[in-house]
Protein chains: 6
Amino acid sequence: MPRKDGRGLDELRPIRVTKDYIKYAEGSCLIEFGETKVICTATFEDEVPPFLKGSKTGWITAEYGMLPRSCETRVKRNNPSGRTQEIQRLIGRSLRAVVDLEKLGERTIKIDCDVIQADGGTRTAAITGSFIALAIAFDKVKEAGIIKSIPLIDYIAAVSVGKSENRLILDLDYSEDSSADMDMNVVMVGEGQFVEVQGTAEGSTFTKEEMDKLLNLAQKGINQLIAIQKQNLSGIDF
Amino acid sequence: MPRKDGRGLDELRPIRVTKDYIKYAEGSCLIEFGETKVICTATFEDEVPPFLKGSKTGWITAEYGMLPRSCETRVKRNNPSGRTQEIQRLIGRSLRAVVDLEKLGERTIKIDCDVIQADGGTRTAAITGSFIALAIAFDKVKEAGIIKSIPLIDYIAAVSVGKSENRLILDLDYSEDSSADMDMNVVMVGEGQFVEVQGTAEGSTFTKEEMDKLLNLAQKGINQLIAIQKQNLSGIDF
Amino acid sequence: MPRKDGRGLDELRPIRVTKDYIKYAEGSCLIEFGETKVICTATFEDEVPPFLKGSKTGWITAEYGMLPRSCETRVKRNNPSGRTQEIQRLIGRSLRAVVDLEKLGERTIKIDCDVIQADGGTRTAAITGSFIALAIAFDKVKEAGIIKSIPLIDYIAAVSVGKSENRLILDLDYSEDSSADMDMNVVMVGEGQFVEVQGTAEGSTFTKEEMDKLLNLAQKGINQLIAIQKQNLSGIDF
Amino acid sequence: MPRKDGRGLDELRPIRVTKDYIKYAEGSCLIEFGETKVICTATFEDEVPPFLKGSKTGWITAEYGMLPRSCETRVKRNNPSGRTQEIQRLIGRSLRAVVDLEKLGERTIKIDCDVIQADGGTRTAAITGSFIALAIAFDKVKEAGIIKSIPLIDYIAAVSVGKSENRLILDLDYSEDSSADMDMNVVMVGEGQFVEVQGTAEGSTFTKEEMDKLLNLAQKGINQLIAIQKQNLSGIDF
Amino acid sequence: MPRKDGRGLDELRPIRVTKDYIKYAEGSCLIEFGETKVICTATFEDEVPPFLKGSKTGWITAEYGMLPRSCETRVKRNNPSGRTQEIQRLIGRSLRAVVDLEKLGERTIKIDCDVIQADGGTRTAAITGSFIALAIAFDKVKEAGIIKSIPLIDYIAAVSVGKSENRLILDLDYSEDSSADMDMNVVMVGEGQFVEVQGTAEGSTFTKEEMDKLLNLAQKGINQLIAIQKQNLSGIDF
Amino acid sequence: MPRKDGRGLDELRPIRVTKDYIKYAEGSCLIEFGETKVICTATFEDEVPPFLKGSKTGWITAEYGMLPRSCETRVKRNNPSGRTQEIQRLIGRSLRAVVDLEKLGERTIKIDCDVIQADGGTRTAAITGSFIALAIAFDKVKEAGIIKSIPLIDYIAAVSVGKSENRLILDLDYSEDSSADMDMNVVMVGEGQFVEVQGTAEGSTFTKEEMDKLLNLAQKGINQLIAIQKQNLSGIDF
């Protein structure tokens with residue numbers, strides 16, 4: 001039995017990246033995982049939050065939002081939920097894993113991920129697209145002579161995997177996600193290690209064996225996403 | 001002395017409309033006035049706010065937001081200002097002027113205008129685009145048999161005019177708007193009457209004669225905007 | 001057909017001003033437009049908001065509130081609406097038009113307008129009364145030697161006009177305002193130019209010809225209001 | 001050594017009551033204790049809060065606010081403090097002591113006390129004035145046939161007493177209150193019993209003997225306040 | 001007729017104190033008045049609130065909270081009521097009465113009182129326990145050499161008294177409190193003077209004679225509470 | 001090199017459970033993982049949230065809080081952070097995995113986890129203790145005849161594992177947690193499957209091999225925790 005949209009079990013949705021989507025941001029892109037569309041921007045600020053003042057260390061922070069009609073049912077504006085908080089903490093933590101914060105110095109990059117249309121996998125699209133916006137922003141401030149080199153250590157991307165109708169599948173869309181017994185969001189760097197593994201069953205459980213198979217599936221998807229990042233950032237060295 | 005972008009004093013910026021931009025909304029478009037980009041959606045709800053329960057009358061309401069990096073300087077998320085409140089009240093009031101609320105019956109249309117990129121004139125783009133989203137939504141629910149006919153009375157569009165560097169100009173972009181001595185937002189219907197005239201001087205004043213000239217300029221721009229609306233809504237009769 | 005209270009179409013309600021109504025404020029008055037009663041105070045502060053620090057320029061800001069039983073139906077306390085925001089922005093903007101902010105220097109005047117009883121025209125009474133409170137406050141701090149001269153450029157007053165039951169009328173009371181097809185708030189300076197024109201139809205439209213007649217009506221009312229301001233401020237020169 | 005304003009130790013400030021001060025409220029007055037001015041209104045509602053639904057018992061609730069410039073130093077608008085909460089709970093509790101809530105039936109009276117000018121004793125003026133507004137409101141709804149009789153049991157009034165500069169004094173004004181070692185707010189009914197005694201030392205203590213003398217002083221002031229209430233409510237029987 | 005739990009009219013519930021209950025706080029205890037359990041902590045901060053900067057004077061402030069299931073019916077989390085505000089103001093004011101704030105210097109002690117289980121008298125237990133936490137904290141920072149001597153002037157404790165079923169009783173538990181005609185919270189210092197007397201009738205009144213008897217009852221209870229404080233603070237001199 | 005507190009790498013801290021700690025809650029316990037102390041209560045409500053009305057399905061929801069001085073540095077009261085939101089969502093989701101929500105019917109259990117003292121592992125202690133409170137509550141309402149049988153499917157417990165100073169360790173205390181390169185919270189049921197695996201690196205990454213070893217370590221700890229749950233719930237059958 002094929003997936004509704006005809007994809008193979010281990011196949012990503014079509015991935016599209018539009019670089020420099022917002023003219024005012026230091027770095028930006030529109031990233032699409034199939035029908036999921038997220039605008040990612042990176043804002044450079046020449047200061048750090050109070051808890052880092054005097055530490056000679058920088059910071060990456062992220063915010064995540066959804067337009068009211070990005071979903072089938074309109075969501076209330078300006079009403080961030082617990083889910084929102086989890087996602088923006090996850091995005092920030094993931095990006096910090098590939099940034100040399102001491103090399104960045106006492107500066108902050110604020111990532112904004114705004115979901116224009118949500119069809120599953122918004123947080124994984126947001127992490128994957130934010131990395132692109134971040135790299136563009138670093139390149140821009142380096143060109144402007146504000147930083148000397150790009151303080152990136154590695155690429156980073158994210159994808160969801162899950163168990164639905166007894167099949168293990170890659171990159172779940174909304175209909176697959178809402179009927180899944182469990183799903184797992186995996187964040188990996190270019191070198192192949194994990195930064196985050198969040199496996200969650202809702203009204204169900206999962207075994208070690210299933211988890212191992214899903215991690216393999218995620219690895220495959222993330223390799224492809226990082227290849228797309230590399231194409232889009234071809235002129236930027238780090 | 002020409003305008004910075006080479007436009008004539010009485011010339012609109014390039015206007016672009018992308019219909020059905022968001023798949024979940026009953027009606028939607030992306031509208032662009034030059035570099036200003038606004039996503040407009042119309043959500044149909046089969047109920048009215050409490051103050052209209054039992055009135056056999058419908059309602060149109062609007063919300064307006066800006067993505068954090070839609071501006072040169074990042075704006076705080078989820079932090080609607082007094083300006084936001086003014087604009088969303090203006091959008092709702094304007095659209096209600098061309099809807100037969102009794103014919104709509106006890107239903108509500110919620111308009112969402114989200115500014116993706118702001119380069120002046122976001123409220124006039126929002127009104128102009130929202131009318132398109134509204135008409136599409138009405139057409140869709142009519143096709144679905146939920147309403148019998150489209151309860152629209154007329155077209156409606158909006159444009160800004162103002163006095164800047166001693167010249168009277170049409171459709172101000174951000175740099176013109178921020179240096180203007182006064183500006184006026186004008187909302188007109190297809191038949192040529194006004195729904196709203198908001199002339200505002202900041203640290204200056206204006207005469208009756210200037211106001212008359214600006215209203216003529218606005219009329220010219222609105223005629224063009226309504227022509228664009230008609231093209232985009234060609235299959236929808238009311 | 002005469003107006004309910006017997007006034008002519010172009011007649012203001014009885015206007016009363018009680019100067020120095022609140023002993024603690026640098027300037028204050030109670031202003032009454034018929035049954036509409038507003039307490040206006042002006043508070044002098046020897047600093048400016050952050051965005052003006054170092055600019056050698058002052059600021060005028062305003063807040064507007066209604067006592068819970070200032071209205072027929074009790075309004076919730078501490079619950080400023082979008083309407084409140086619009087009005088306080090309008091009051092501040094209007095007063096700034098007649099203040100030489102550079103001459104004021106880095107000081108702020110905070111205007112508070114509190115509606116004790118609301119019978120239509122609260123915002124126009126508030127603007128008209130706030131100017132009196134402002135002038136008294138400037139006079140007081142000048143007497144105290146804190147400023148050298150009064151940084152006022154002109155008088156300023158406001159009045160509403162509208163179309164109701166097919167008649168164009170001046171200074172609408174609440175019952176006229178709530179049944180009007182359109183109304184317009186006009187703010188003018190002593191020299192006769194406009195600072196603000198806000199014409200708004202609710203569920204209706206208006207023509208250029210109607211607008212012209214209404215502006216004439218407004219001019220007439222504002223001339224009378226400024227004459228009353230002059231009487232009350234007779235000892236204060238600028 | 002006389003008091004600053006020449007009063008005797010056991011003398012009230014001049015008390016003034018202006019009945020029916022706000023035309024929309026069911027009952028209202030402006031009450032003045034010297035320079036302290038409070039607008040009190042009573043709003044009748046034909047329902048009770050959720051916790052009393054079905055109880056056949058009514059409710060009296062109160063809110064208290066201060067205009068921003070009612071004080072020497074401007075206070076922030078819409079920013080009720082802990083002190084505000086204490087005062088409005090005290091006003092409600094006091095009035096409920098003289099209302100037969102079962103006789104009132106499932107109705108609520110909302111009291112609003114808004115301080116126009118604060119010179120000490122705002123809470124005692126508020127309680128004393130609110131009783132007048134409450135009695136007028138009951139009389140009005142009785143006249144309208146909504147209730148059969150006025151559900152009042154007794155008069156109620158309040159006054160402050162305190163120890164300042166080693167003297168025991170009645171009805172402290174602001175300068176006396178802020179330099180007092182301790183002060184006590186006393187609420188009594190016409191029959192002479194207490195409803196509330198709140199004696200509070202700040203950075204000091206007080207003895208039983210001092211407390212007894214202060215309660216006598218309070219009794220004297222409250223007798224006078226109730227006499228004034230009776231004059232103002234002369235036509236209302238209960 | 002004995003009290004439900006067999007106590008005499010003038011008998012306290014069993015009082016238990018567990019010192020140093022929370023390892024991180026400078027001072028802490030768990031205090032139990034029968035089934036009422038309150039965790040009190042004292043946090044030392046080497047600065048004062050803005051209004052005391054430069055005054056060479058310290059400050060004691062308090063916060064009070066209830067765990068959601070400290071009550072028979074679950075209370076909403078993070079939702080402080082007017083009652084909460086009253087209680088925390090009372091705790092802070094009471095403790096300040098026995099602290100020499102000038103001797104403390106520009107430091108703040110933050111008291112936190114968290115009710116684990118509420119069976120009446122939480123505010124009196126909180127005051128009584130907070131004094132113990134405060135004294136332990138002062139002793140600790142004195143031992144650390146941060147202050148030279150303990151800036152305490154006297155002991156302080158609190159108890160409730162009230163009239164229930166026509167009897168005057170000491171230390172009301174929840175069932176007694178909720179059926180009482182009036183209750184009074186009394187705060188006294190070791191030397192026998194009052195700091196606070198809050199007598200409150202709900203739907204009732206009380207006489208001077210009743211008040212006098214209740215104050216005697218309170219004195220008796222407070223003497224016992226201070227004896228318990230002295231046992232628990234035996235090694236701490238001031 | 002041993003752990004600071006002398007524990008083996010695969011050793012839990014001393015675990016203590018005090019059942020029925022709060023008398024008002026349907027189910028409650030105090031659970032201690034070493035110095036970490038959490039009060040868990042379960043509140044039974046005979047209704048479900050709006051999104052489940054009419055579904056014949058129940059719900060388990062959770063809230064999590066910390067007392068201000070549960071931490072080394074005082075945390076602000078009533079100020080839930082993103083971290084709080086994540087934890088309470090995790091607790092609710094975990095418990096729902098072992099409850100047969102259809103068998104529960106349209107009822108809600110509200111879990112409250114309040115951290116009295118925090119020394120690492122508060123979320124895992126909260127999940128482990130909440131299960132005990134939940135089972136006690138189910139038993140109590142079953143005894144009362146409100147539900148016919150206990151709708152539990154399995155036991156559930158949680159523990160943290162992590163990599164610190166190049167060693168893989170079980171049940172991290174605060175000092176270990178704050179110096180760890182990565183940590184993982186694992187939630188498992190009695191049958192041995194996972195409900196949640198949250199592996200998170202902060203400024204670091206981890207390999208598949210490390211993850212496998214940590215999951216083994218977690219399994220070992222969870223087996224011991226479930227044995228303790230069984231002892232404490234020995235009289236309750238499901």
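Heads up: these notes are all about the structure in this document.

Parameters and conventions
- Residues numbered from 1 in each chain as written.
- Chains lettered and ligands numbered in written order.
- Predicted model: local features only at pLDDT ≥ 70, side-chain atom pairs only at ≥ 80, totals over all residues.
- Heavy atoms only, no water.
- Helix = DSSP H or I, 4+ residues; strand = E, 2+ residues; numbered from the N terminus.
- Expected span 1.5 Å × (residues − 1).
- Buried < 20%, exposed > 50% of the residue type's maximum accessible area, 1.4 Å probe, protein only.
- Contact = heavy atoms within 4.5 Å.
- Buried area = accessible area lost by both parts, 1.4 Å probe.
- Salt bridge = Lys/Arg side-chain N within 4 Å of Asp/Glu carboxyl O.
- Polar contact = N/O pair within 3.5 Å; in protein donor to acceptor, adjacent residues only side chain to side chain.
- Nonpolar A, V, L, I, M, F, W, Y, C, P; charged D, E, K, R; others polar.
- Pairing = 2+ DSSP bridges.
- Axes fitted to C-alpha atoms, helices over the stretch in contact; angles between N-to-C directions.
- Least-squares fit on C-alpha atoms with pLDDT ≥ 70 in both.
- Parallel < 35°, antiparallel > 145°, perpendicular 65-115°, else oblique.
- Left-handed = near helix turned anticlockwise from the far one by under 90°.
- Phe/Tyr/Trp six-rings, centres within 6.5 Å; stacked < 30°, edge-to-face > 60°.
- Lys NZ or Arg CZ within 6 Å of the ring centre and 35° of its normal.

**Here's the deal with helix α3 (residues 122-143) of chain D**
All names here are of chain D. Over its 22 residues, α3 extends 31 Å from the first C-alpha to the last, a length consistent with the 32 Å expected when each residue adds 1.5 Å. Of all 22 residues in α3, 18 are buried, a share of seventy percent or more. Where α3 ends, the next residue or the one after it, Gly145, has phi of about 80°, a positive value.

**Structural notes on the interface of chain B and chain A**
Counting residues at the interface gives 33 residues for chain B and 33 residues for chain A. Summed over both partners, the interface of chain B with chain A comes to about 2,800 Å²; 47% of that surface belongs to carbon and sulfur atoms. For the chain B face of the interface with chain A, the top three residues by lost area are Tyr24, Arg69 and Arg77 of chain B, together amounting to 29%. Summed over the shared surface of chain B and chain A, the result is 14 salt bridges. Between Asp114 of chain B and Arg77 of chain A there is a salt bridge, with the nearest N and O atoms lying 2.8 Å from each other. Where chain B touches chain A, the interface holds 21 residue pairs in polar contact (both at pLDDT 80 or more). Those elements that provide at least two residues to the side of chain B that touches chain A are β3 (36-45), β4 (59-66) and β5 (108-117) of chain B. Tallying contributions element by element places β5 of chain B first for the side of chain B that touches chain A, with six residues. Of the residues assigned to the side of chain B that touches chain A, the class counts are 14 nonpolar, six polar and 13 charged.

**Observations regarding the sheet that holds strand β1 (residues 15-19) of chain A**
Adjacent strands of a sheet form backbone hydrogen bonds with each other and so pair up, either parallel or antiparallel. Residue and element names in this part refer to chain A. Spatial strand order, β1-β2-β3-β5-β4: five strands in an open sheet with mixed pairing. One side of each edge strand has no neighbouring strand; the edge strands of this open sheet are β1 and β4 (59-66). Strand-to-strand, the axes of this sheet are offset by a mean angle of 20°, without reference to chain direction. Pairing of β1 with strand β2 (residues 27-33), which is carried by five bridges, proceeds in the antiparallel orientation. Looking across to β2, one finds that Arg16 is bridged to Glu32. Those strands touched by helix α5 (residues 208-232) are β1 and β2, and its axis lies near 25° from that of β1.

**Some points on the pattern of salt bridges**
One pass over the full model with this rule turns up 144 salt bridges over all chains. In this structure, the salt-bridge partner of Glu202 of chain D is Arg96 of chain E, at a minimum N-O distance of 3.1 Å. Remark: Arg96 of chain E occurs in helix α1 (residues 82-96) and Glu202 of chain D occurs in the loop between β9 (194-201) and α5 (208-232); the pair is interchain, linking two chains. Using a relative accessible area of 40% as the deciding quantity, one classes Glu202 of chain D as partly exposed. Of the residues examined, Arg96 of chain E reaches a relative accessible area of 10% and is grouped as buried.

**Brief notes about the relation of the copies chain E and chain F**
Rotating chain E by 180° about the axis while translating it 0.0 Å along that axis superimposes it on chain F, leaving an RMSD of 0.0 Å. As the rotation angle and translation indicate, the two copies are arranged about a two-fold axis. Rotation axis and chain E: the residue whose C-alpha lies nearest the axis is Asn78 of chain E, separated from it by 2.2 Å. A shared interface surface links the copies, since 100% of the contact residues of chain E are contact residues in chain F too.

**With respect to the pairing of strand β9 (residues 194-201) of chain C**
Among the eight residues of β9 of chain C, eight are classified as buried, and the element is accordingly described as predominantly covered. Across five bridges, strand β9 (residues 194-201) of chain B lies against β9 of chain C in antiparallel orientation. The residue of β9 of chain C that forms the bridge with Thr200 of chain B is Glu196 of chain C. Here strand β8 (residues 182-189) of chain C runs beside β9 of chain C; their pairing, made up of seven bridges, is antiparallel. Opposite Asn185 of chain C, over in β9 of chain C, you have Gln198 of chain C as the bridge partner.

**Observations regarding the sheet that holds strand β5 (residues 108-117) of chain F**
Residues and elements named next belong to chain F. The mixed open sheet is built from five strands, whose spatial order is β1-β2-β3-β5-β4. Unpaired on one side and paired on the other, β1 (15-19) and β4 (59-66) mark the two borders of the sheet. For this sheet, the mean inter-axis angle between neighbouring strands, taken without regard to orientation, is 20°. Two elements, strand β3 (residues 36-45) and β5, share nine bridges in a ladder whose sense is antiparallel. In the strand pairing of β5, Ile39 is matched with Asp114. In this fold helix α1 (residues 82-96) packs onto β4 and β5, with an angle of close to 145° to the strand it touches most, β4. Of the strands in this sheet, β1 and β2 (27-33) touch helix α5 (residues 208-232), which is tilted by about 25° from β1.

**A closer look at the packing of helix α1 (residues 82-96) of chain D against α3 of chain D**
Residue and element names in this part refer to chain D. For the pair α1 and α3, interaxial distance at closest approach is 10 Å and the crossing angle is 40°. When the interaxial angle is binned, α1 and α3 end up oblique. Crossing angle aside, the handedness with which α1 passes α3 is right-handed. Of the residues in α3, those touching α1 at Arg83, Ile87, Leu90, Ile91, Ser94 and Leu95 are Thr122, Arg123, Ala126, Ile127, Ser130, Phe131 and Leu134.

**Here we look at the interface of chain E and chain F**
Between chain E and chain F, the contact holds 33 residues from the first and 33 residues from the second. In total, chain E and chain F occlude about 2,800 Å² of area from one another, counting both sides; carbon and sulfur atoms represent 47% of this. Where chain E touches chain F, the interface holds 14 salt bridges. The shortest N-O distance in the salt bridge between Arg77 of chain E and Glu63 of chain F comes to 2.9 Å. At the junction of chain E with chain F, the criterion picks out 21 residue pairs in polar contact (both at pLDDT 80 or more). Contributions of two or more residues to the side of chain E that touches chain F are made by β3 (36-45), β4 (59-66) and β5 (108-117) of chain E. Sorting elements by how many residues they give to the side of chain E that touches chain F places β5 of chain E first, with six residues. Along the lines of polarity and charge, the residues of the side of chain E that touches chain F split into 14 nonpolar, six polar and 13 charged.

**A look at the packing of aromatic side chains**
The tally for this structure, following the rule as stated, stands at 30 aromatic pairs over all chains. Taken together, a centroid distance of 6.4 Å and an interplanar angle of 70° make the contact between Phe131 of chain E and Phe238 of chain E edge-to-face. Placement of the pair is Phe131 of chain E in helix α3 (residues 122-143) and Phe238 of chain E in the segment after α5 (208-232), with a sequence separation of 107 residues. Given a relative accessible area of 0%, Phe131 of chain E falls into the buried group. Through a chain of ring-to-ring contacts, the aromatic side chains of Phe131, Tyr155 and Phe238 of chain A assemble into a single cluster. The ring of Tyr21 of chain C is capped by Lys37 of chain D, whose NZ or CZ atom sits 5.6 Å from the centre of that ring.

**So, the pairing of strand β6 (residues 156-164) of chain C**
Here is the key point about a regular strand: its side chains alternate between the two faces of the sheet. Residue and element names in this part refer to chain C. Within β6, nine of the nine residues are buried, which leaves the element mostly enclosed by the surrounding structure. Where burial is concerned, the two faces of β6 agree: the one with Ile156, Ala158, Ser160, Gly162 and Ser164 and the one with Ala157, Val159, Val161 and Lys163 are both buried. Where β6 lies against β8, eight bridges are found, and the strand directions are antiparallel. Bridge pairing in β8 links Val159 to Val186.

**Quick look at the relation of the copies chain B and chain A**
When chain B is fitted onto chain A, the two copies agree to an RMSD of 0.0 Å after a turn of 180° and an axial shift of 0.0 Å. A share of 100% of interface residues in chain B that are also interface residues in chain A marks the association as one of identical surfaces.

**Quick notes on the environment of Asn232 of chain C**
All names here are of chain C. Looking at where Asn232 falls in the secondary structure, it is placed in helix α5 (residues 208-232). For Asn232, a relative accessible area of 14% translates into the label buried. For Asn232 and Ile132, which are 100 residues apart along the polypeptide, the C-alpha to C-alpha distance reads 7.7 Å. In this view, Asn232 contacts Val17 and Lys19; residues no more than four positions away in its chain are not counted.

**Details of the environment of Gln198 of chain E**
Tracing the backbone through its elements, the reader meets Gln198 of chain E in strand β9 (residues 194-201). Given a relative accessible area of 9%, Gln198 of chain E falls into the buried group. For the pair Gln198 of chain E and Val186 of chain E, spaced twelve residues apart in sequence, the C-alpha separation works out to 6.5 Å. Each residue touching Gln198 of chain E, except ones within four places of it in the same chain, is listed here: Val197 of chain D together with Leu90, Arg93, Arg123, Asp183, Met184 and Asn185 of chain E.

**Section: the packing of helix α5 (residues 208-232) of chain B against α5 of chain C**
Contact geometry for α5 of chain B and α5 of chain C: axes closest at 13 Å, N-to-C directions at 165°. Accordingly, the angle class assigned to the pair α5 of chain B and α5 of chain C is roughly antiparallel. As for the relative orientation of α5 of chain B and α5 of chain C, their crossing is right-handed in sense. Counted together, Lys208, Met211, Asp212 and Leu215 of chain B of α5 of chain B and Lys208, Met211, Asp212 and Leu215 of chain C of α5 of chain C form the full contact between these two elements.

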